[in-house]
Amino acid sequence: MRVAIGSDHGGFKLKQEIIAFLVTEGVTFQDFGTHTPEACDYPDIAFAVAQAVARGEYDRGIIICGTGIGVAVAANKVPGIRAALCHDTFSARMSREHNDANVLTLGERVIGPGLAREIVGVWLKAEFAGGRHARRVDKITAYEREALAR
């Protein structure tokens with residue numbers, strides 16, 4: 001599995017924790033920035049990660065900011081992205097199994113590093129269940145295509 005990861009300054013410390021976790025798990029990843037704790041604009045990072053996932057260069061993406069909200073909003077503007085903000089392991093698993101989320105967003109100011117590692121671990125291992133859930137995800141994809149065609 002190939003993972004694109006990024007954060008703004010509000011998620012910089014937690015991103016470092018998640019990168020260390022990915023290394024220990026043997027997950028291939030690319031860090032899309034930011035590379036310092038200096039202030040930056042979260043949409044720039046969210047768009048870069050989401051576009052790389054949407055193009056198929058990476059299987060999944062992880063984006064972190066202070067709350068996870070801003071990067072989720074931005075990432076979900078990229079066609080083909082289903083970004084899920086998760087603060088617990090149940091939501092993380094369900095976002096994969098039921099919604100086929102391809103981007104996980106996290107908030108450094110909301111969860112600690114231990115829980116974040118657990119969430120990422122569950123999210124990376126979970127697979128899309130398909131079946132009735134595929135029909136629903138297909139409706140989202142169809143709507144997205146129609147909206148882009150207008």
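Our subject is the structure that appears above.
Worth saying up front: this structure is predicted, and the values here are computed from it rather than measured. (Residues numbered from 1 in each chain as written. Predicted model: local features only at pLDDT ≥ 70, side-chain atom pairs only at ≥ 80, totals over all residues. Heavy atoms only, no water.)

So, the sheet that holds strand β2 (residues 28-31)
Strands sit in the order β2-β1-β3-β5-β4 across an open sheet of five strands; the sheet is parallel. Lying at the two open borders of the sheet, with one neighbouring strand each, are β2 and β4 (83-85). Taking the axes of each pair of neighbouring strands and ignoring which way they run, one obtains an average angle of 20° across the sheet. The pairing of strand β3 (residues 60-65) with strand β5 (residues 103-107) spans five bridges and is parallel. Within β5, the residue paired with I64 across the bridge is L106. Where helix α1 (residues 12-25) meets the sheet, it contacts β1 (2-7), β2, β3 and β5, and its direction lies at approximately 160° from that of β1. (Pairing = 2+ DSSP bridges. Helix = DSSP H or I, 4+ residues; strand = E, 2+ residues; numbered from the N terminus. Axes fitted to C-alpha atoms, helices over the stretch in contact; angles between N-to-C directions. Contact = heavy atoms within 4.5 Å.)

Side note on the environment of R117
Relative to the elements of secondary structure, R117 occurs in helix α5 (residues 113-125). Separated by 14 residues in sequence, R117 and G131 have C-alpha atoms that sit 29 Å apart. Every residue in contact with R117, bar those within four places of it in the chain, is listed here: E17, I18 and F21.

Considerations on the packing of aromatic side chains
The tally for this structure, following the rule as stated, stands at one aromatic pair. Aromatic side chains F32 and Y58 sit 5.6 Å apart centroid to centroid with 80° between the ring planes, which places their arrangement in the edge-to-face category. Of the two residues, F32 sits in the loop between β2 and α2 (42-54) while Y58 sits in the loop between α2 and β3, which places them 26 residues apart along the sequence. Judged by relative accessible area, which is 18%, Y58 ranks as buried. One cation-aromatic arrangement involves R60 over W123; the distance from NZ or CZ to the ring centre is 5.1 Å. (Phe/Tyr/Trp six-rings, centres within 6.5 Å; stacked < 30°, edge-to-face > 60°. Buried < 20%, exposed > 50% of the residue type's maximum accessible area, 1.4 Å probe, protein only. Lys NZ or Arg CZ within 6 Å of the ring centre and 35° of its normal.)

What to know about the pattern of salt bridges
According to the stated counting rule, one finds nine salt bridges in the structure shown. Residue D59 is joined to R2 by a salt bridge in which the shortest nitrogen-to-oxygen separation is 3.4 Å. Pair noted here: D59 is in the loop between α2 and β3 and R2 is in strand β1, with a separation of 57 residues, a long-range link. Residue D59 is classed as partly exposed on the basis of its relative accessible area, which comes to 38%. Overall, the relative accessible area of 34% leaves R2 in the partly exposed class. Taking the shortest distance from any N to any O, the salt bridge between K15 and D31 comes out at 2.9 Å. Highlighted residues: K15 in helix α1 and D31 in strand β2, separated in sequence by 16 residues. Pair check on accessibility: K15 and D31 agree, each one buried. Taken together, the shared-partner salt bridges in this structure form one network comprising R82, R96 and D100. (Salt bridge = Lys/Arg side-chain N within 4 Å of Asp/Glu carboxyl O.)

Notes on α1
With 14 residues, α1 ought to run about 20 Å at 1.5 Å a step, and its terminal C-alpha atoms sit 20 Å apart, in line with that. Buried within α1 we find F12, L14, K15, I18, I19, F21 and L22. One face of α1 carries all of its buried residues, which in axial projection span an arc of 165°. The outward face of α1, more than 90 degrees from its buried face, is lined by the exposed residues K13, V23 and T24. Elements that come into contact with the buried residues of α1 comprise β1, β2, β3, β5 and α5. Directly after α1, the chain includes G26, whose backbone phi takes a positive value near 75°. (Expected span 1.5 Å × (residues − 1). Arc of directions from axis to C-beta.)

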